[in-house]
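# Structural overview
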Amino acid sequence: MKRIPTVTVALIATSMFVLAACSSDSPSSEETAASGPVTVQLLTHDSFALSEDVIADFEASSGITLEVVSGGDAGSMVAGAILAAGAPTADVMFGVDNTLVTRTLDEGVFEPYTSPESSALRPELADQTFEGRVTPIDFGDVCINIDDTWFAAEGIAAPTTLEDLANPTYKDLLVVQDPGTSSPGLAFLLSTVSRYGDAWPDYWQRLRDNGVKVSGSWSDAYYGDFTFGGGGDRPIVVSYATSPPAEIVYAEGEPPARPSTSVMTDGCYRQIEYAGILAGTDQPAAAQQVIDWLLSPEVQADIPLNMFVFPARQDIPLPAVFTEFAAQVDSAEQLPAEFVAENVGDLLAKWGSVMGR
Amino acid sequence: MTITTPTLHRSPGWLRWAWLVPAVFLVIFLGVPLVSLAAQIVSPDTISYFTDPLPWRVAGLATGQALLSTALALLLGLPMANVLTRYRFPGRRWALALATVPFVLPTVVVALAFRALLGASLGSGLAIVVLAHAYLNLAVVVRIVGARWATIDPRFETVARTLRADRLTAFRTVTLPALAPAIASAAAIVFVFSFTSLGIVLLLGDANTRTLESLVLRQTSVLLDFQGAAISAAIQAMVVGSVLLWAARQRSSGGTFRGGHLIRPDGFARIVVGIVIALTLLIVLAPVAALVWSSLRSSSGWTLSWWSSVFGAQTIDAGSTRIGSPLAAMGRSLAYALLTGIVAAIVGGMAAVSVLSGRIGRAFALATALPLGISAATLGLGTLLAYGREPLDLRATGMLVPMAHALIAVPLVVAVATPTLRAADSRLVTVAATLRARPSRAWWTAYGPILRTVMVAAGGLACAVSLGEFGAASFLARADGLTVPLVIARLLGRPGEASFGVAAVMAVILVVMTTALVAAVDKGGRRS
Amino acid sequence: MTHTGLTVNDLVIGYGVPLHTAFTFAVSPGTVMAIVGPSGCGKSTLLSTLAGVTPALAGQVTIDGRDITTLPTHERRIAMVFQEPLLFPHLNVRDNVAYGQRRMGKSRVQARQEADRLLAWVGLEGLGERAVAQLSGGQAQRVSLARALAAEPDALLLDEPFSALDAPLRSRLANDVLAIVAGATIPAIHVTHDPEEAATMAHGNPGGSILSM
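Calculation rules
Residues numbered from 1 in each chain as written. Chains lettered and ligands numbered in written order. Predicted model: local features only at pLDDT ≥ 70, side-chain atom pairs only at ≥ 80, totals over all residues. Heavy atoms only, no water. Helix = DSSP H or I, 4+ residues; strand = E, 2+ residues; numbered from the N terminus. Buried < 20%, exposed > 50% of the residue type's maximum accessible area, 1.4 Å probe, protein only. Contact = heavy atoms within 4.5 Å. Areas by Shrake-Rupley, 256 points an atom, 1.4 Å probe, with all protein chains shown as cover. Patch = residues over 30% accessible without salt bridge, like charges linked within 9 Å, V, L, I, M, F, W, Y side chains within 5 Å. Salt bridge = Lys/Arg side-chain N within 4 Å of Asp/Glu carboxyl O. Lys, Arg positive; Asp, Glu negative; His and termini not counted. Charge placed at Lys NZ, Arg CZ, Asp CG, Glu CD. Core = buried A, V, L, I, M, F, W, Y, C linked by side-chain atoms within 4.5 Å. Arc of directions from axis to C-beta. Buried area = accessible area lost by both parts, 1.4 Å probe. Polar contact = N/O pair within 3.5 Å; in protein donor to acceptor, adjacent residues only side chain to side chain. Pairing = 2+ DSSP bridges. Axes fitted to C-alpha atoms, helices over the stretch in contact; angles between N-to-C directions. Disulfide = S-S within 2.5 Å. Parallel < 35°, antiparallel > 145°, perpendicular 65-115°, else oblique. Left-handed = near helix turned anticlockwise from the far one by under 90°. Nonpolar A, V, L, I, M, F, W, Y, C, P; charged D, E, K, R; others polar. Phe/Tyr/Trp six-rings, centres within 6.5 Å; stacked < 30°, edge-to-face > 60°. Lys NZ or Arg CZ within 6 Å of the ring centre and 35° of its normal. Right-handed = clockwise from strand over helix to strand, strands pointing away.

## A few points about the overall build of chain C
Looking only at helices and strands, chain C features six helices and eleven strands. For chain C, buried positions account for 53% of its 213 residues. Long-range pairs, those at least 24 residues apart, make up 71% of the contacts in chain C between residues at least 6 apart in sequence. Split by element, the accessible area of chain C, about 8500 Å² in all, is 52% carbon and sulfur.

## Description of the overall build of chain B
Helix and strand content of chain B: 23 helices and four strands. Considering only intrachain contacts with a sequence separation of at least 6, the fraction spanning at least 24 residues in chain B is 81%. A total accessible area of about 18200 Å² is found for chain B, and carbon and sulfur atoms account for 67% of it.

## What to know about a negative patch on the surface
Residues and elements named next belong to chain A. On the surface, Glu52, Asp53, Asp57 and Glu298 cluster together into a patch of negative charge. Among the elements that line the negative patch, the one with the most residues is helix α2 (residues 52–62), at three residues. Within the fold, Asp53 resides in helix α2. Take Asp53: its relative accessible area is 47%, and that puts it in the partly exposed class.

## A few points about the nonpolar core
The tendency in soluble globular proteins is for nonpolar side chains to be buried as a group. Formed by 263 residues in total, the largest nonpolar core has its most connected members in Trp293(A), Met506(B), Leu50(C) and Ile189(C). With near-sequence residues (within four places) excluded, Leu50(C) lies in contact with Leu6(C), Val8(C), Leu11(C), Val61(C), Ile68(C), Arg76(C), Ile78(C), Leu157(C) and Ile189(C).

## Some points on helix α9 (residues 200–209) of chain A
Residues and elements named next belong to chain A. Among the residues making up α9, those that are buried are Trp200, Pro201, Tyr203, Trp204 and Leu207. Projected down its long axis, α9 shows its buried positions confined to an angular sector of 155°, all on one face. Against the buried residues of α9 lie α7 (162–165), β6 (174–177), α8 (183–196) and α15 (337–355). With its phi angle positive at about 85°, Gly211 sits one or two positions after the end of α9.

## Observations regarding the interface of chain A and chain B
Contacts between the two partners involve 72 residues from chain A and, on the opposite side, 67 residues from chain B. Buried area between chain A and chain B, both sides added, is near 5900 Å², and the carbon and sulfur share of it is 63%. Seen at the junction of chain A and chain B, the total is one salt bridge. Taking the shortest distance from any N to any O, the salt bridge between Asp178(A) and Arg218(B) comes out at 3.8 Å. Here chain A and chain B share two residue pairs in polar contact (both at pLDDT 80 or more) between them. With nine residues, helix α1 (residues 3–23) of chain A is the largest single contributor of residues to the side of chain A that touches chain B.

## So, the sheet that holds strand β6 (residues 58–63) of chain C
Residue and element names in this part refer to chain C. Overall, antiparallel pairing links the four strands, which are arranged β4-β1-β6-β7 in an open sheet. Among the strands making up the open sheet, the edge pair consists of β4 (23–27) and β7 (66–67). Its contacts with the sheet place helix α1 (residues 43–50) against β1 (6–12), β4 and β6, and it is angled at close to 115° to β1.

## Details of the state of the cysteines
Residues and elements named next belong to chain A. Enumeration according to the criterion identifies one disulfide over all chains in this entry. Here Cys143 pairs with Cys268 through a disulfide, and the sulfurs are 2.0 Å apart. What sets the handedness of the Cys143 and Cys268 disulfide is the S-S torsion sign, and at about 120° it is right-handed. Here the residue Cys143 occupies a position in strand β5 (residues 135–147), and Cys268 occupies one in strand β9 (residues 261–278), the gap between them amounting to 125 residues. Accessibility expressed as a relative area gives 0% for Cys268, which makes it buried.

## A look at the packing of α2(A) against helix α12 (residues 284–294) of chain A
Residue and element names in this part refer to chain A. Where α2 contacts α12, the axes come no closer than 12 Å and their chain directions differ by 140°. The angle between α2 and α12 falls in the class oblique. Of the two possible hands of crossing, α2 and α12 adopt the one that is right-handed. Along the contact surface, α2 presents Val54, Ile55, Phe58 and Ser62, while α12 presents Gln289, Val290 and Trp293. Grouping the constituent residues of the contact of α2 with α12 by class yields five nonpolar, two polar and no charged.

## Quick word on the packing of aromatic side chains
This model, assessed by the stated rule, comprises 28 aromatic pairs over all chains. Aromatic side chains Tyr222(A) and Tyr223(A) sit 5.6 Å apart centroid to centroid with 85° between the ring planes, which places their arrangement in the edge-to-face category. In this structure, Tyr222(A) and Tyr223(A) share a single accessibility class: buried. Its guanidinium or amino end placed over the ring of Phe82(C), Arg155(B) lies 5.1 Å from that ring's centre, counting from NZ or CZ. One cation-aromatic arrangement involves Arg147(C) over Phe88(C); the distance from NZ or CZ to the ring centre is 4.5 Å.

## Concerning the sheet that holds strand β10 (residues 188–192) of chain C
Residue and element names in this part refer to chain C. Spatial strand order, β8-β9-β10-β5-β11: five strands in an open sheet with parallel pairing. Looking at strand neighbours, the two that pair on one side only are β8 (78–81) and β11 (209–212), the edges of this open sheet. Across this sheet, the average inter-strand angle for adjacent strands is 20°, counted without regard to direction. Bridge count between strand β5 (residues 32–36) and β11: four bridges; the pairing is parallel. Bridging across to β11, Ala34 finds its partner in Ile210.

## Regarding a nonpolar patch on the surface
A cluster of nonpolar side chains, Ile271(B), Ile275(B), Leu279(B) and Leu282(B), forms an exposed patch at the surface whose accessible area comes to about 400 Å². With respect to the element layout, Leu282(B) can be found in helix α13 (residues 267–295).

## Quick look at the side chain of Asp91(A)
Residues and elements named next belong to chain A. Mapping Asp91 onto the fold places it in the loop between α3 (74–83) and β3 (92–97). A polar atom in the side chain of Asp91 sits 2.8 Å from the backbone nitrogen of Gln41. Sequence-distant contacts of Asp91, defined by excluding residues within four places in its chain, comprise Thr39, Val40, Gln41, Gly276, Ile277, Leu278, Thr281, Asp282, Gln283 and Ala287.

## Points about the interface of chain C and chain B
Often, the extent of an interface is quoted as the loss of accessible area upon association of its parts. Taken together, the contacts link 31 residues of chain C with 27 residues of chain B. Of the roughly 2600 Å² buried between chain C and chain B on both sides combined, carbon and sulfur atoms contribute 66%. If you sort the residues of chain C by the area they bury against chain B, His74(C), Pro89(C) and His90(C) come out on top, with a joint share of 22%. Counting every contact that joins chain C to chain B gives one salt bridge. In this structure, Arg155(B) and Glu84(C) form a salt bridge, with 2.4 Å as the shortest nitrogen-oxygen distance. Scanning the region where chain C abuts chain B turns up six residue pairs in polar contact (both at pLDDT 80 or more). Within the residue set of the side of chain C that touches chain B, elements represented by two or more residues are β8, α2 (93–103) and α4 (137–150) of chain C. Per-class residue counts for the side of chain C that touches chain B are 20 nonpolar, six polar and five charged.

## Some words on unusual backbone geometry
The residue Arg164(B) is not glycine, and still its phi comes out positive at about 75°. In this fold, Arg164(B) is placed in the loop between α8 (155–162) and α9 (167–195).

## Here's the deal with the pattern of salt bridges
Counted by the stated rule, this structure contains 22 salt bridges over all chains. A salt bridge links Asp154(C) to Arg77(C); the nearest nitrogen and oxygen atoms lie 3.2 Å apart. Remark: Arg77(C) occurs in the loop between β7 and β8 and Asp154(C) occurs in the loop between α4 and β9 (155–159); sequence separation between them is 77 residues. On the basis of relative accessible area, Arg77(C) is assigned to the partly exposed category, the value being 28%. A cluster of three or more residues bridged by salt bridges with shared partners is formed by Arg122(A), Glu124(A), Asp141(A) and Arg270(A).

## With respect to α8(B)
Counting buried positions along α8(B) yields eight of eight residues, so the element is predominantly enclosed. Restricting attention to buried positions, one finds in α8(B) the residues Arg155(B), Phe156(B), Glu157(B), Thr158(B), Val159(B), Ala160(B), Arg161(B) and Thr162(B). On the buried face of α8(B), the contacting elements are α2 (53–86) and α9 of chain B together with β8, α2 and α4 of chain C. Trailing α8(B) by a residue or two, Arg164(B) shows a phi angle of about 75°, which is positive.

## Some remarks on the pairing of strand β1 (residues 38–44) of chain A
Regular strands place their side chains on alternate faces of the sheet. Residue and element names in this part refer to chain A. Most of β1 sits inside the fold, with six of its seven residues counted as buried. Relative to strand β2 (residues 64–70), β1 is paired through seven bridges, and the arrangement is parallel. Paired with Leu42 across the strands is Val68, a residue of β2. Following the chain from β1 across α2 to the adjacent parallel β2, one finds a crossover that is right-handed. In this structure, β1 lies alongside β3, joined through three bridges in parallel fashion. Bridged to Leu42 within β3 is Val92.

By themselves these figures say nothing about function.
Here it is, written out as C-alpha cells:
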C-alpha cells in the first residue's frame, strides 16, 4: 500500500518529462519548403463527404495534397479545435455550425479570411461571416418529417404546424431527439425557443402531455422509432428537410417514383455550416486556396448529393431529387449565434426539468 | 495464508525489468495525452466546480445501475464460463468464440436489436439498460472467470464430493474460493464498463440512467464547458480507481494448474451443459438473428442487394468518398485487431508478471487498469492534442487507433492474467530449480504453459475490443481510414433503406469476423 | 448393519459405450483389492464409477448390503485419494482434514479435534496450522489420506496414490495405508500400474486380491 504514492508520483513525473521533451522539440521541426509539395489538413466532422474526383481535380490543379482528418462528431471536433486553439491539429476546419461557432470565435480558433468567392453567397448568408472570420459553406434545415404512408393508411391528415404536434389527434405519434446529445434534437429545441420565446417550456409541457418520445440519437429515432425507417410505431420524427431525397437516393435497386416521407415546413431550424482557417497554421496561403475551393462551383454542386444539405452559393443548380422532394423552407426559425452560445446550458437544464430527464 | 508468490531470486533476471514495458507504454499513450489535456483545461478555479451537485448525483445513479448490471452479468456469465471453458462437447471452441460476440457489437446495433426484441415490453429506462449491459459484458465474465476456471483441476470438486459435500456445497466451499479473485476482477470490469457506458445509456436510458460519460460528452460537445467536463471525468476516474483498487486487493488462493483437461459431461452434468449451451446460443444469437433478418429485408420483401452492394461495388456510394470501400474497412479492422491483440498481450502480460514478481505490486496493477476509467472523449481529445499536431503528428502513421485500442485492452489482459498467474503453484519453480534447470528455464517450465493459456484468452479479448471499439477511433481515425464500427455508425447516420440494410450487413460481418478471429486465436493458442 | 464390504455385480463402465467387460467382485472390510493394468484401460473410470462421478451403464454396487448404484457421490460414503494430494489450497492442513467432518454436520471445534486426532494417526502431529503449499510430497499425501478417513467412509478408493513419490516414501506410505485400512475395517481398492506395488498392497493384509485389467 505504501508504494502507491511513489509509483503514481513517478508515473506522473515521467509523463511530464516526456511531455516537456516533446514540446521542447518544436523549434527543430523541419520547415516545409515553399516550393515543395504542400499538404493541407482539413479537419471535419464524421458526416463530411465529397466526390473523389472533385478532390482529385483540386489536388491536380492546385498542387496541394488534401488530407482529410476526422475530429469525431461536430461537437467533439469543435471541442478539440478550441482546446488546440493557436497550435491547431489541422490547417482548415469545416463543419462548425451556428450553434457552436460563437465559442470558436471567442477562443480565437480562426484566422480571418474573406474568399473572393464569397460574392456568390446567397444574400441571407453573405452577412453571416462574423467579420470575415468564417465562411458559410452549406446550410440545411432540421424539420419534422412525416410518414405519409402511415397517415394515408390511418386516414388522418398529417400535422402541418408546431401547434398541431401538441394536438391530441397526434397523441403518442412524435419522436424527437435529446437536445443534450443530438444535434437535430438541439436544433428542434432552438426552433421552439425561437417560435415561442419565453413560453417555450409550456409548449414542451404540452408535447410531453401529448406523449412525445425522446430518443438518444438521430439514428435511434429514425431507425428505431419512426414508422418508415425500421418498423417503429411513431410516424412523426425530427429529421432533415433533405431526408426524403436521401430516401430516394439510398433506396434499394430501382428508386421509387416518390419518397414515402415528407417534410413539415413549419418550425424548421436552419443550421449553417462554416469553414475557416485555423489560427496558427503554417500553410496560410494554401489554406486560403482550400477555402476558395470549398466555395467553388465544383464543390458547391457536389455538396447536395454527398452531404444532403444545400450549397451556400446562390448560383448552383440543385439536383432533380432536391428540386422535386427536398423541402425549400422559406421561413426557417433561427436564433442569433451569440444568444445560443450564452443560453444553451440554461435551455438544456430547463428542458431537462420540463421533460423529467 | 496460502498465497504463493514466487520471489525474485528464483525468477529470471529480465523479469526485474519487465515492468518497464507497460510503464513506458502507459506514459506515452495515456500519461502524455492526459497531461496535455489537463494543461489546457485545469486552472486554479477548477476546484470550485467540485461543489456542483449534478455530477455527484449522476455518479450515484450510475453506481446503482452499474451494480445491477454487474450482478446480472455474473448471474448469466458464470454458468456460461463454467460450461464453455471446462466441459468437452462438439463445437465448444465456436460456442466460446460466439460468447465474445456481444462484446464487439456496436452499441447502436445492440440498442436497436434490444428495442426490437424487448422495447415493447420494457420501454426505455433502467431495466433495458441493465439487460443490455449484462449482454454486452457476458464475454468479460466468460473470458476472465473462464481463464481461471479452466486451470482448476476438476478433481478438487470430486474430492469434496467424496467427502460428503453435495454439488452445490462442493462448489461453494472449494471452487468458489479459488474463483473469487477472478470473479472480483470480472465484476470490477463489468462495473466499470457499465458505470462509464455511453452509447447504451444514450439510446436506451432515461433521466435516471445517466452516466458521467454521457455528462462529459454533453459538457464537451454541446456546452463546451471544459471545466465541468474535467470535474465529471475526474469523479469518474476516482470511482473507477476505487473499484479497481478493491478488485486488486482480492487475495488469490492457489490451485494446481492442470490446463487443457476438459470434463466429459455425463448424466446430470450432460443435461446442465446442454441447457447452458442452448441458453448461451439463444441469448447471444437473438440480437444477431434480428440483424441477419434486417440485412435480408427491404420494403419490398426479401433481398440480397445489401449483401451484393458490400461485396460487389468498390464503394457503397459509387463515385463518392462518403463511406469508402467496406472491404477495405474490414481489412483495416482485422489488421488493427491483430495488432491490438499482440501489443496488448505483450504489454499486459509484462504488467501481469511484474505484479507477480512482487516488487511493483498492486499499485502498478492499478496503474495498468487506469485506462478503463478514462472516457473515450478524454482519451481521444488528449491524444489529438499530444500526437495530432506539430511537432509530433502521428495520425498519418495509422498507429494511433491500434495503440488506443491496445491501451483500452491492456487492463483486460491484466485482469485475465493476474488472478490465474497468481494462483500458479510457485513450488513448481522450486521443483524445476532443484532439477538443475537454469532460473530462466525453470521459470518457463513453471509458468510457460499457464502464461500461454492466459495470453491467448486475453489476446482474444483484446482483438475483440479493437473490432468493436468506436469512441476513440472516431477521434483518431483518418477520414480514409475507417474501421467497421465507424462505417456502421456513418451508415446509420443517414436516411434511406440502403443505409440501414448495408449497416445490418456490416454488423453481421463484424459478428462473423469476431467469431472467426477469436476462434482462430483460441485454436492457435491451444496447439502446442 | 452388516459389514460385508464392497460388492460389485455385473458392473458395466464407460462413457456411453462400454469400456470393458462387466465387473463382478467383492472386497471385504479391512482388505485391499489391487487393480493393476496399463494406463488407459479403464482403471480410473472404474473408480470414478464406484464413486458415483461417472454413471454406471449397467450392474449394481453395494456397500455393507446398501445398494448405492444410483446414489449421488456425496451420499455414497466412498472416499477417494488421487495421485496428487489435491489438498484445498485455501484451507490450512487442519481444515483440509476437518472438511468431511464439517460436511457431516459436526461443529467447527469438534471437526478440528477429530482432524488433529487423525493427523496424529498419520504421523503429522502439530502440522495443523501449516499452509498446504509448505508440505512435502509425502506429508501432503498423508494429509490427503487423513482427510479421506475424516469423512468416515465405508470404502476407500486409491487412484495411483504413490506414483508421485520416491521409492522409500512409497513403501512407508504403503504400510500406513494397509494399517489404516485394517484399523478402520473398511474395504479399499488400490489402483496402480506397478505389479509389484499391486502385490504389496493385495497381500499386505490377509484376504486381499489382485484384479488385472
